Every structure is written in C-alpha cells, then in structure tokens.
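# Summary of the model geometry
Residue-level listing of the chains:
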Amino acid sequence: AYISNLERCSEILEWIRGHLDAKDSELGESVLPRAKVNCLTELLLPHSDRDADRITGVQLAYLGDVIFDLFVRARYIWPNKRGPDLHNKVVSVCRTEMQSRLFKKLVESDSLQINLREKSVMTRGRNAGCGNQGRGKRRGRRGGGPVVDVGAMQDSASLEAFLGYLFMTDRGR
C-alpha cells in the first residue's frame, strides 16, 4: 500500500509521541489522552485542552522562537547552500535585531488587522522579553557576544510570543 511522506512523517511522530507520553507518565507528568490525528499540524499542536491564554509570555515566546526558526530554515534551504552558508543566513535572519525590525513592520502594517487579544499577547511577550535587566544595552544571553539593545530583545520576544500564540490558537492564520 502507498503511504505518502506526510502520512509516514505523521506515523513516525505518533510513535515518538507515544514514547514521550510513556516517559512522562513514568516521571509523574500529566499525560492527556489524544485522539488519532489527521495531519502533521494537529500532531505538533499542544493538546486542545491547553489554553494559550494561561501560559506565560516566556512560554509563548519559547514556542514562537521554534516556529520562526523552522520557517526561516525551510525558506532558505533552497537553492542548495553549503552547511556553513545556510547556517549563517538563518542566523542572520533569526537574530534579535532582524526580528525587532520585522516586529516593527508587523505592528505598522495595515493589512494584518491585529486584534486586541493579539496585542495583549505581544505585550506579555515584550514584558517577558529580557527579564529584569533594566534599560539600554546588554551583552548576549551567555555573557559574551555582541551587545544587544534591550528594546530589540523585547520586540523580538513580542514577535515570538505572537507566533507561538497564533500557532496554538489560530491554525488557519
């Protein structure tokens, strides 16, 4: 019987989910029962009983960071590039400063119609964006690296929280 790559990917991820659920159960983590999924997106989404409005801005930004990174990686994989060149391109787009610029354009855009709830999510992400570091500039996350503008970090966290929220709540958008 013919199995499409998407069906095969879903089958493998279902298998992985089953093993992760079993491991979570062993550790005492709550595991909610799930119905068989019909598409890959359903498999990747958190359980439908999880309310995106009840998670923190940091958690939404954490999820949104992965979504943004996956989007950028998928976008720049073609045409073929050497590994280091591909990595450098992805890093240049996923940097805090670039995400901050994208966030500002998103907020200024008239075509996207961002509603009040989404603006609230962006604010939650912004407030969680850099902890209690004060204003101005600071070093990269691990102490070394380039100096990063705190406002840019907050913008970046806002964008990531927004993407995480949309991923959890509005599949069609």
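Shown above is the structure to which this text applies.
What this report covers is the structure whose coordinates are included nearby. This one's a predicted model, so the numbers in the text were calculated from it and none came from an experiment.

## Observations concerning the nonpolar core
- The biggest cluster of nonpolar side chains holds 13 residues, and the ones touching the most others in it are Phe68, Val72, Leu106 and Met122.
- Every element with two or more residues in this core is listed here: α3 (57-76), α4 (83-94), α5 (96-108) and α7 (150-169).
- Setting aside residues up to four positions removed in sequence, Phe68 forms contacts with Val93, Cys94, Gln99, Leu102, Leu159 and Leu163.
- With 7 residues, the next largest nonpolar core counts Ala52, Leu60, Val121 and Ala161 among its residues.

## Describing the packing of aromatic side chains
- Throughout the structure, instances matching the rule amount to 0 aromatic pairs.
- The ring of Tyr76 carries the charged tip of Lys89 above its face, separated from the ring centre by 4.9 Å.

## As for a nonpolar patch on the surface
- On the surface, Ile12, Trp15, Ile16 and Leu20 cluster together to form a nonpolar patch covering roughly 400 Å² of accessible area.
- Take Ile12: it is sitting in helix α1 (residues 5-26).
- Taking the relative accessible area as the measure of exposure, Ile12 reaches 37% and is therefore partly exposed.

## Some remarks on the packing of α3 against α7
- Relative to each other, α3 and α7 sit at 85°, their axes nearing to 6 Å. Here α7 runs roughly perpendicular to α3, going by the angle between their axes. Packed against α3, whose contacting residues are Gly57, Leu60, Ala61, Leu63, Gly64, Asp65, Ile67 and Phe68, the element α7 presents Ala157, Leu159, Glu160, Ala161, Leu163, Gly164, Tyr165, Phe167 and Met168 at the interface.
- A per-class count over the contact of α3 with α7 returns 12 nonpolar, 3 polar and 2 charged.

## What about helix α6 (residues 116-128)?
- When the terminal C-alpha atoms of α6 are compared, their 18 Å separation across 13 residues agrees well with the 18 Å that a helix rising 1.5 Å per residue should span.
- Along α6, the residues that are buried comprise Glu118, Val121, Met122 and Gly125. For α6, the angular spread of buried residues about the axis comes to 100°, placing them on one side. Residues of α6 that are exposed and point over 90 degrees away from its buried face: Leu116, Arg117 and Asn127.
- Buried residues along α6 sit in contact with α3, α5 and α7.
- Its side-chain oxygen 3.1 Å from the backbone nitrogen of Arg117, Asn115 forms the N-cap of α6.

Analysis parameters
- Residues numbered from 1 in each chain as written.
- Predicted model: local features only at pLDDT ≥ 70, side-chain atom pairs only at ≥ 80, totals over all residues.
- Heavy atoms only, no water.
- Core = buried A, V, L, I, M, F, W, Y, C linked by side-chain atoms within 4.5 Å.
- Buried < 20%, exposed > 50% of the residue type's maximum accessible area, 1.4 Å probe, protein only.
- Helix = DSSP H or I, 4+ residues; strand = E, 2+ residues; numbered from the N terminus.
- Contact = heavy atoms within 4.5 Å.
- Phe/Tyr/Trp six-rings, centres within 6.5 Å; stacked < 30°, edge-to-face > 60°.
- Lys NZ or Arg CZ within 6 Å of the ring centre and 35° of its normal.
- Patch = residues over 30% accessible without salt bridge, like charges linked within 9 Å, V, L, I, M, F, W, Y side chains within 5 Å.
- Areas by Shrake-Rupley, 256 points an atom, 1.4 Å probe, with all protein chains shown as cover.
- Salt bridge = Lys/Arg side-chain N within 4 Å of Asp/Glu carboxyl O.
- Axes fitted to C-alpha atoms, helices over the stretch in contact; angles between N-to-C directions.
- Parallel < 35°, antiparallel > 145°, perpendicular 65-115°, else oblique.
- Nonpolar A, V, L, I, M, F, W, Y, C, P; charged D, E, K, R; others polar.
- Expected span 1.5 Å × (residues − 1).
- Arc of directions from axis to C-beta.
- Polar contact = N/O pair within 3.5 Å; in protein donor to acceptor, adjacent residues only side chain to side chain.

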